[in-house]
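Observations on the model geometry
The lines below spell out each chain.
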Amino acid sequence: MSTPPPARPRPSAHGATVAAPPSGDGAAGPTPDVARLSQATLGVEGMTCAACSGRVEKALAKVPGVEEATVNLATERATVYFDAAETTPLALAEAVQRAGYDVRTEEVSFGVGGMTCAACVGRVEKALAGADGVVEASVNLATERARVRYAAGTDVDALYEAVRNTGYDVIEAAEGGAAGAEDEARARARHTLRRRLGWAAGLTLPLFLLEMVPMVIPGGMDFVDGLVPMQTRWLIAFVLASAVQFGPGWRFYRAGWAAARHGSPDMNTLVALGTSAAYGYSVVATFLPGVLPAGAVHVYYEASATIITLILLGKWFEARAKGQTSDAVRALLGLRAETARVVRDGAETEVPIGEVAVGDVVRVRPGEKVPVDGVVAEGTSYVDESMVTGEPVPVEKTEGGAVVGGTVNQAGALLVETTHVGADTVLAQIVQLVEEAQASRPAIQALADRVVAVFVPVVLVVAALVFGVWLAVGPEPSLTYALVAAVSVLIIACPCAMGLATPVSVMVGTGKAAELGVLFRKGEALQTLSEADVVALDKTGTLTEGRPTLTDVVLAPDADLDEDALLRLVAAVEVPSEHPVAAAIVRAADRKSLATPPASNFEAVPGFGVSGTVEGRRVDVGADRYMERLGYDAAALAGGAGRLAAEGKTPLYAAVDGRVVAALAVADPVKETTPAAIDALHRAGLRVAMVTGDNRATAEAVAARLGIDEVLAEVLPADKAQAVTDLQAEAGRGGRPARVAFVGDGINDAPALAQADVGVAIGTGTDVAIEAADVVLMRGDLSALVEARALSAATLKNVKQNLFWAFAYNVVLIPVAAGALYPALGVLLSPVFGAAAMGLSSVFVLTNALRLRRFAPPAVGGAAA
């Protein structure tokens, strides 16, 4: 007997390639216990020695359902045999990550041509998920793109081939030219569609005039019969309908057959079956009328041709509307300068933007676009940065100021030293973030996905049942009524609108957000932000300007040094620190022209303070908890510190040689827009909390001034994530756990941003690569959060409207198409009207989504959205 080939691997999560273990035959075959196991191979990063591989093996062995786990340090791969009924490759990957190691995956994004409905999306996703090494596959009907995460080392060409084998085209992601190639492919597809529509309309018009128009005119059919005998008309109709059916309509046969062959019929299958039934019945009636029952000899050539024409018309409208949904990304790409004036050796040369390198100096004249990301080396001007921040007021730029490529220089001439080019520029990062958000799907999409997965097969069964019922109990000629009803069901029940309902709204919503200076890194954040119950705000840099100022120095009664001498010592130990409070103290010393000596033995304790040795004296500076930690007595200054805290200032203590000698106060002014933004969040029904490392008295003073509902004070940076968890444990809407949006600066707040249901990072206009956040506000104030939340709510509302329309359309019209109104009203829906309704449903969904382009953000001082 021959040995069977090894089982084909199947994909898994987080870089795992899964296969059933090889089996033998006869007596040498595997035991039943081994035969039921699956095998996963994971690429593991971060292992350095045998102890690491042992640790990974132990972590994998603890996962329920794992029978055997072996790790090869040399190949950095883990091979696991597990019971698929008890665990998954995702659980295995998570076990590796909990052990402190990473699972290697890579990602590719490419265009997919030829998809027409949600069933197509499901078929492409299924094909990609079945490719070896694929971790996750996501396909977007609106953008016509696939994003695939796969185990490192997987052959990407095999992914392309998997898509092509299902009958769709692949537009590969070529370096620097993917977007252009996809736009070109879509333009070609629209041109081909328009040409087919023209041919179909031209061939259908005579049929429409000869067969359909006379029916609605009293005596019209008698008049036409007198001009052209019926049999002659039928022959003419046969020729015209055949040309439509197998000319412009051939695309439905080709795609529909490919879908059916792969076990996942789609919209094309329904159209091909429906029009073929009408056309085929007509051919029999024309050439073999004797095989049909008496009274059932009718032709439906005009119906089959008109159905194809109307569906092509709907698809053409759909293609045009889909093109408009990506206008935001095209507009961003259009902001790029094509050339730059590079200054080299005193001479100015205009070069293509692709030839500018980091370190080059470029000249920007008044009224020109800034061609590169860089730093002003010479000159002063005002620059319009609205394309980045959404803020219409131009920003002054002087020597040392950062500028962003694509912004517009308004007044003076600038010399700019290039700091970033190509994919590293802010504009390129913004485009990438918008495209990634548009390609992702919010949780609400899962409902449509589940329905679509079974929709078309159910429709085929329903159409067959409808045909059978009409044939059995319908009036004579029952065959004719059965045919019309079944074809109407097939034509009207198209999942196109369901597949487009969510992605087009996400596309338009994220594009509009980018115009407002709000970057949604994930489509899910669009939904989650609108559902938040609590907004938790970091204080420094979020509520406040983030540039504290030293306001008070209170010396202890027994201090042995004056204010300047103390400030000189304190500033010396604060120089190495990067904390904003440290910078405030150093600036205060600089303003007094105090020379700060070098500090040795510098130590920073996050959330507490700093210490060091200055001119032989030990100096400690920090919060009251730092003094307690060091065992110092600060009671003599506690009253003064409490008074400063009550004024909304942040008190610190300074100790010299083990004795607390002064209390210092730092104030960080609240941003002008903060009070109105918090008021707008309250009007939107949100609770507002503040999470800060400040002492409680200071935090509560600021909260009282701003009307903040809840204060979590004296929270160490490492504990901010736990503070978010505590807020999530509180009751939200409907008694469920509260959903929390955390807003911070995206750097030291990263754990809290990751823990929150939606993390919102306040960017600087130049730093958009904030990995921990789901949403990035390019403006540095909370008014952008109000706009982001309002747009999030508007987008989710739009998605729900689209889904309601898509589902309601099918729920209402499928029974009508099946003949539900016939017993009471004698009405049987024509397949032609079904085709028109099908096209209108998709166009309605797209048009509704495009309304988001007119979204107007609420005025922060006005009513909240």
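All values derive from a computational prediction rather than experimental measurement.

Observations concerning the packing of aromatic side chains
How two aromatic rings sit relative to each other is set out by the distance from centre to centre and by the angle between their planes. Applying the stated criterion to the full structure yields 13 aromatic pairs. An angle of 15 degrees between the planes, with centres 6.4 Å apart, marks the rings of phenylalanine 238 and tyrosine 279 as stacked. With phenylalanine 238 in helix α8 (residues 230-246) and tyrosine 279 in helix α10 (residues 267-287), the pair connects residues that are 41 residues apart, well separated along the chain. On the basis of relative accessibility, which here comes to 9%, the residue tyrosine 279 falls in the buried class. Summarising the aromatic geometry, the rings of tryptophan 470 and tyrosine 481 are spaced 5.7 Å apart at their centres and angled 10 degrees between planes, so their arrangement reads as stacked. Taken together, the residues tryptophan 470 in helix α15 (residues 445-473) and tyrosine 481 in helix α16 (residues 478-492) connect sequence positions eleven residues apart. An aromatic cluster is defined as three or more aromatic residues linked by ring pairs; in this entry it consists of Phe238, Phe246, Trp250, Tyr253, Tyr279, Phe287 and Tyr301. The aromatic ring of phenylalanine 252 is capped on one face by arginine 251, whose charged end is 5.3 Å from the ring centroid.

Quick look at the pairing of strand β31 (residues 758-762)
Most of β31 sits inside the fold, with five of its five residues counted as buried. Alternating positions in β31 separate into two faces, Val758, Val760 and Ile762 on one and Gly759 and Ala761 on the other, with burial throughout. In this sheet, β31 lies alongside strand β30 (residues 740-744) in parallel orientation, the contact comprising four bridges. When the bridges of β31 are listed, glycine 744 appears paired with alanine 761. Strand direction decides the pairing type here: β31 and strand β32 (residues 775-777), joined by three bridges, are parallel. Its bridge partner being in β32, valine 760 is matched across the sheet by valine 775.

Things to note about helix α9 (residues 250-261)
Given a rise of 1.5 Å per residue, twelve residues ought to cover 16 Å, and the 16 Å separating the end C-alpha atoms of α9 matches this to within 8%. Taken together, the buried positions of α9 are Arg251, Phe252, Tyr253, Gly256, Ala258 and Ala259. Just downstream of α9 lies glycine 263, where phi reads positive at about 75 degrees.

Brief notes about the sheet that holds strand β9 (residues 145-151)
If you walk across this open sheet you meet the four strands as β8-β9-β7-β10, and the pairing is antiparallel. Both outer strands of the open sheet, β8 (134-140) and β10 (169-171), are each paired with one neighbouring strand and no more. This sheet shows a mean twist of 30 degrees between the axes of neighbouring strands, independent of strand direction. Sheet topology note: the β8/β9 ladder contains six bridges and is antiparallel. Of the residues in β9, the one forming a bridge with valine 139 is alanine 146. Against the sheet, helix α5 (residues 156-165) engages β7 (105-113), β8, β9 and β10, with an angle of about 30 degrees to β7.

Comments concerning the environment of glycine 744
Note on placement: glycine 744 falls in strand β30. Residue glycine 744 is classed as buried on the basis of its relative accessible area, which comes to 0%. Each C-alpha atom, one on glycine 744 and one on alanine 761, is 5.2 Å from the other, the two residues being 17 residues apart in sequence. Among residues more than four places away in sequence, those in contact with glycine 744 are Asp538, Thr542, Asp749, Leu753, Val760, Ala761 and Ile762.

Looking at the pattern of salt bridges
Side chains carrying opposite charge are able to pair once their charged atoms draw close together. The full count for this structure, using the stated rule, is 25 salt bridges. Of the charged contacts, one joins lysine 592 and aspartate 564 as a salt bridge, the two residues approaching to 3.1 Å between their closest N and O atoms. With lysine 592 in the loop between α21 (580-591) and β23 (599-605) and aspartate 564 in helix α20 (residues 563-574), this pair connects stretches of sequence that are 28 residues apart. The class for lysine 592 is partly exposed, based on a relative accessible area of 41%.

Cut-offs and rules
Residues numbered from 1 in each chain as written. Predicted model: local features only at pLDDT ≥ 70, side-chain atom pairs only at ≥ 80, totals over all residues. Heavy atoms only, no water. Phe/Tyr/Trp six-rings, centres within 6.5 Å; stacked < 30°, edge-to-face > 60°. Helix = DSSP H or I, 4+ residues; strand = E, 2+ residues; numbered from the N terminus. Buried < 20%, exposed > 50% of the residue type's maximum accessible area, 1.4 Å probe, protein only. Lys NZ or Arg CZ within 6 Å of the ring centre and 35° of its normal. Pairing = 2+ DSSP bridges. Expected span 1.5 Å × (residues − 1). Axes fitted to C-alpha atoms, helices over the stretch in contact; angles between N-to-C directions. Contact = heavy atoms within 4.5 Å. Salt bridge = Lys/Arg side-chain N within 4 Å of Asp/Glu carboxyl O.

Treat this as a map of the structure, not an account of what it does.
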